[in-house]
Amino acid sequence: MEAPNAPSNLASSQNPKPTISKSSVSHDRDFLNHLEAYLAKRDGVDKLLKISRYATKIILASSIVPEDLALNRQLKSFESSVGVSRKAFRLGKFVQDLNALRNSCFDSREDLILSIIAYGGEGLYMFVEQFVWLVKSGLIDAKHSRTLQKISVWAEFFGYIGSISLKIRDLNRINEDESRLLSTIEISISLGLKYDEEAKKVQKLKEKRLMKRLSIVQDFADGLMAWVDIRDGKGRLSGPLVISSAGLLSALISAHKNWLSC
């Protein structure tokens, strides 16, 4: 927690207090407290399950464990159970997409359309996944499974198309903001002026750009898996090892983002 700002220079000189920045708090934060906060989030637990599932799928796809061993059957059972468990974490999650769309500010008509595709697609995907989970759990007749899964995967795929498009536009805005700041810094240097604040803003933009690029990579990986599901596992880049690796990459990126945000 940051120390409160002193009301005046006089007060600060009479009662000096160490200033603690947010960055120092995040670096010095106790690991177990951070882990507790991470595991308290639905997305935190979900991504750990996703990591374990796709790591297991990679082991199975790479034939490290022979099929005639009991361990192979145990890994398949574990992977299937984790897949069903993850669907339970999507209960009510579509509300996040509805609120994100409702609270978004649109700079142009293109942003509005892409946001509807991104949040609408993901929201519909999350909504339908609740019924897929009920089918997997045995509450809904299995005859509806294929129809629900087709609706789900198509909605997911279009959601990723919209999400990637929005993030690419965000990257362009970040690059433009960085160019303006760098120009301001160059002018400040030529005039012998300070530019500490501008330098800090440039650093923050670089960090933001890195996270945005990682998010795009994650969406591409998830989009690839959705496309393979649409094609029923046919076509190029549909091998089990490739898809499992894409799933693990997506899970690691998402887990990293969630860790930083909590």
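Residues numbered from 1 in each chain as written. Predicted model: local features only at pLDDT ≥ 70, side-chain atom pairs only at ≥ 80, totals over all residues. Heavy atoms only, no water.

Side note on the confidence of the model for the protein
Part 1 of the argument: The pLDDT averaged across the protein works out to 87; a share of 89% of its residues lies at or above 70.
Part 2 of the argument: Across the protein, helix α9 (residues 196–230) holds the top mean pLDDT of 95, while helix α1 (residues 9–14) sits lowest at 38.
Part 3 of the argument: This model gives residues 1–26 a pLDDT under 50, and the stretch forms eight contacts once residues within four places in sequence are excluded. (pLDDT = per-residue confidence, 0-100. Helix = DSSP H or I, 4+ residues; strand = E, 2+ residues; numbered from the N terminus. Contact = heavy atoms within 4.5 Å.)

Considerations on a nonpolar patch on the surface
Part 1 of the argument: Together, Ile-113, Ile-117, Trp-154, Phe-158, Ile-161 and Trp-227 make up an exposed nonpolar region whose accessible area comes to about 530 Å².
Part 2 of the argument: At the level of elements, α7 (109–136) and α8 (145–191) are the ones that each hand at least two residues to the nonpolar patch.
Part 3 of the argument: Position of Trp-227 among the secondary structure elements: in helix α9.
Part 4 of the argument: Assessed through its relative accessible area of 35%, Trp-227 is described here as partly exposed. (Patch = residues over 30% accessible without salt bridge, like charges linked within 9 Å, V, L, I, M, F, W, Y side chains within 5 Å. Areas by Shrake-Rupley, 256 points an atom, 1.4 Å probe, with all protein chains shown as cover. Salt bridge = Lys/Arg side-chain N within 4 Å of Asp/Glu carboxyl O. Buried < 20%, exposed > 50% of the residue type's maximum accessible area, 1.4 Å probe, protein only.)

Brief notes about the pattern of salt bridges
Part 1 of the argument: Across all of its chains, the model carries 17 salt bridges by this definition.
Part 2 of the argument: Lys-150 is paired through a salt bridge with Asp-232; the nearest N and O atoms lie 3.5 Å apart. Highlighted residues: Lys-150 in helix α8 and Asp-232 in the loop between α9 and α10 (240–261), separated in sequence by 82 residues.
Part 3 of the argument: Assessed through its relative accessible area of 25%, Lys-150 is described here as partly exposed.
Part 4 of the argument: One salt bridge connects Glu-178 with Arg-209, and the closest N-O pair in it is separated by 2.5 Å. In this pair, Glu-178 sits in helix α8 while Arg-209 sits in helix α9, placing the two residues 31 residues apart along the sequence.

Structural notes on the packing of aromatic side chains
Part 1 of the argument: Enumeration according to the criterion identifies eight aromatic pairs in this entry.
Part 2 of the argument: Seen in terms of ring centroids, Phe-127 and Phe-131 are 5.4 Å apart; in terms of plane orientation they differ by 70°. Their pairing is edge-to-face. Pair noted here: Phe-127 and Phe-131 are both in helix α7, with a separation of four residues, about one helical turn.
Part 3 of the argument: For Phe-131, a relative accessible area of 31% corresponds to the partly exposed category.
Part 4 of the argument: The interplanar angle of 35° and the centroid separation of 5.3 Å between the aromatic rings of Phe-157 and Trp-227 together place this pair among those described as tilted. You can see Phe-157 sitting in helix α8 and its partner Trp-227 sitting in helix α9, a full 70 residues away along the chain.
Part 5 of the argument: Connected via pairs of aromatic rings, a cluster forms that spans Trp-154, Phe-157, Phe-158 and Trp-227.
Part 6 of the argument: Across the ring face of Tyr-54, the terminal group of Arg-53 is positioned such that the distance to the ring centre comes to 5.5 Å. (Phe/Tyr/Trp six-rings, centres within 6.5 Å; stacked < 30°, edge-to-face > 60°. Lys NZ or Arg CZ within 6 Å of the ring centre and 35° of its normal.)

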